[in-house]
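Coordinates in review
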Amino acid sequence: MNHRLNYGAVGNCRTAALISETGNIEWLCLPEFDSPSIFAALLDREKGGCFGFEVSEAYRTEQSYIPHTNILSTHFISDEAEFTVLDFMPYYRAQNSEHYLPAELYRYVRRIRGVPRFRVHYAPAPDYARGKTIRNVGTEYIESYSSLNATDRQYLYSSIPLEDIERSREIVLEKDEFFLLSYNEKVIPVDIEREKLEYCRTLVYWLNWSNRTKKYTLYNDVIERSLLTLKLMSYYNGAMLAALTTSLPETVGKVRNWDYRFCWLRDASMSIETLFKVGHPGVAQRFMRFIQSTFTADRDSFQIMYGIRGERQLTETILEHLSGYKGSKPVRIGNDAYHQRQNDSFGYLMDLIYQYYRLVPGPLDEIEDMWELVKKIQANVMQEWRKPDKGIWEIRGEERHFVSSKVMCWVALDRGARIARMLGKYDCEKRWQQEAGLIRRDVLERGWKEELQSFSQTYDNTALDASLLLMEPYGFLDADDIRYHKTVKAVKAALMHNGLMYRYNSEDDFGMPSSAFTICTFWLVRALFVTGEKAEARCLFDEVLRYGNHVGLMSEDLDFDTKEQLGNFPQAYSHLSLVNTAILFAEEDKHRSLHFVRP
């Protein structure tokens, strides 16, 4: 089965690279996640730029992660010779307790057996390949930059003669060698001993991080890989990216191609809550600080998404000169969805803030700062919940009264009231609970459709939507509520196709959706599990796991027929839902084993 998005990801919470199963770097932005690309062959095979190894047809490759880390190993094997390329970005705690996370990538080439031979294909195309690439070969490094932007430069250091790299001469590997691609000119000597030191420090960091993660008796490997992937997508200041890429299409050849290198409140809150749950409260603390710094007192308006440094303007631009992934144009940078109203965002955020209050009692000043944020969010929800919005799926047409948005507004007020009760703010608790009651009655009266025997996507239509499945996990309906059972049944009947789920299958402003949205299938797995269909849920979960790529990474979408991975990659949404679903089965397995009594 060819899933085609066969890339491993390496990173250091500042930026990340995608490396093909044959060891080719085909996506890298420097110095940060949302910077212009240096390599973008992912989006244009001819112009985009890449960095890899050319070997004879006698070689085959195998790719995997060093266990419990985000260090990627690409193994080149022939009958006569064998070598491994270890890719990583330095990431570890320095002596001053700050994290060391330079904008650089190491490629450690380790000779295993025989006398391997290869050529280096080094073809940077800085600034999204918008200009001509200028390259200068010096005594210490190969310098590159775009003719349109001479200030952003890249420096390639190597133990291999630079002229041999530049001229793509055959390299005979007689000992271990290295490459270091850096956004900065180095001020200390760069040699293989330095590379080995950086490797060991980074290896220990990831091993320690994984060791702090809660362990499970079932699905532990896939849970750990997903958590390591989510960690890769957390910017060091606490912001969480939706994905590492831009413009990978939801359907090949179509125009649903978006830039996901930003922080959506919804996606980020769900990702952080997942990491929080499995033993990483530090990511929640950093995210809360990011949120607080973004929502400063002089900004009364909230957005659904922000740049990873808290930017509020994310202007969308089309890069006409790039052909797109498999010819899928347009290639976009920036995302105009930042203008949209999506009232559900605050429910996810407030649920996280509630968990944070409950589980991480911080210092008094932090609790008070957070309380001010809670009051602002609650005031906003009380003002906005009656209005139509764009919904969870960012539909770019007219605003509607989406049921899932109303439900998440209820969640926001419900969690706010619980926080108020914890802090002894009983007036706020009463006011917010009363408003939450109004929303609940509104949804039950206007969202339920007798003719469907289900809730519907919006108040004024009879379409079904996978987001209705979230009524149970967020506590709007109990798992044993007959209305939830009927909704699960109706949503499954309407939206499941070839073993995967549509988000919705009604026409929107871009026509009919034509791919499966990975997170929605995981939502259905949970819904089946909590409504008693546990065997069916387990079978469906195991099937979807098969559609991850060769190193366990998941994209946003899947093709219904071929199961090819589509959409931006790797996708935080997909991985967080994979973890949460796997934990359901793992905890049931643990519960069963604790209560098993031998005859």
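Just so we're clear, the structure is a prediction, and the values are computed from it rather than from any experiment.

UniProt annotation of "domain: Trehalase-like N-terminal" (unreviewed entry) refers to residues 10-132 when read in the numbering used here. With 0% helix and 49% strand, residues 10-132 has end C-alpha atoms that lie 27 Å from one another.

Moving on to the sheet that holds strand 17 (residues 177-182). Strand order across the open sheet formed by eight strands is 6-7-8-11-17-15-14-13, with antiparallel pairing between neighbours. At either margin of the open sheet sits one strand with a lone partner, and together these are strand 6 (60-65) and strand 13 (133-137). Each neighbouring strand pair of the sheet contributes to a mean axis angle of 20 degrees, computed without reference to strand direction. Across six bridges, strand 7 (residues 72-77) lies against strand 8 (residues 82-88) in antiparallel orientation. What sits directly across from T74, in strand 8, is V85. Along the sheet, helix 2 (residues 192-211) contacts strand 8, strand 11 (104-113) and strand 17; its crossing angle with strand 11, the most-contacted strand, is approximately 100 degrees.

This paragraph deals with the side chain of N568. Within the element layout of this structure, N568 appears in the loop between strand 28 (565-566) and helix 13 (572-594). Here the side chain of N568 touches T245 through a polar contact of 2.8 Å, side chain to side chain. Look past the residues within four positions of N568 in its chain and what remains in contact with it is A243, T245, T246, S247, L248, W258, Y260, S555 and E556.

Tallied over the entire structure, the rule returns 44 salt bridges. Across the pair E311 and R309 runs a salt bridge whose closest N-O atoms are separated by 2.8 Å. Residue E435 pairs with R386 through a salt bridge whose shortest N-O separation is 3.2 Å. Remark: R386 occurs in the loop between helix 7 (364-384) and helix 8 (403-422) and E435 occurs in helix 9 (residues 426-446); sequence separation between them is 49 residues. The class of R386 is partly exposed, set by a relative accessible area of 48%.

Further remarks concern the UniProt feature "domain: GH15-like" (unreviewed entry) in the protein. With numbering matched to this structure, UniProt assigns "domain: GH15-like" (unreviewed entry) to residues 219-529 and 542-582. The span residues 542-582 is 37% helix and 10% strand, and its two end C-alpha atoms sit 10 Å from each other.

To continue, consider unusual backbone geometry. Omega for the bond connecting L30 with P31 falls within 30 degrees of zero, at 5 degrees, which places this linkage in the cis form. Here P31 is to be found in the loop between strand 3 (25-29) and strand 4 (37-39). At the junction of K329 and P330, the peptide bond is cis and its omega measures out at 0 degrees in the coordinates. Counting through the fold element by element, P330 comes out in the loop between strand 20 (317-318) and strand 21 (332-333). The phi angle at H68 is positive, at roughly 70 degrees, despite the residue not being glycine.

Criteria and cut-off values
Residues numbered from 1 in each chain as written. Predicted model: local features only at pLDDT ≥ 70, side-chain atom pairs only at ≥ 80, totals over all residues. Heavy atoms only, no water. UniProt positions renumbered as here; feature names shortened; annotations may be inferred. Helix = DSSP H or I, 4+ residues; strand = E, 2+ residues; numbered from the N terminus. Pairing = 2+ DSSP bridges. Axes fitted to C-alpha atoms, helices over the stretch in contact; angles between N-to-C directions. Contact = heavy atoms within 4.5 Å. Polar contact = N/O pair within 3.5 Å; in protein donor to acceptor, adjacent residues only side chain to side chain. Salt bridge = Lys/Arg side-chain N within 4 Å of Asp/Glu carboxyl O. Buried < 20%, exposed > 50% of the residue type's maximum accessible area, 1.4 Å probe, protein only.

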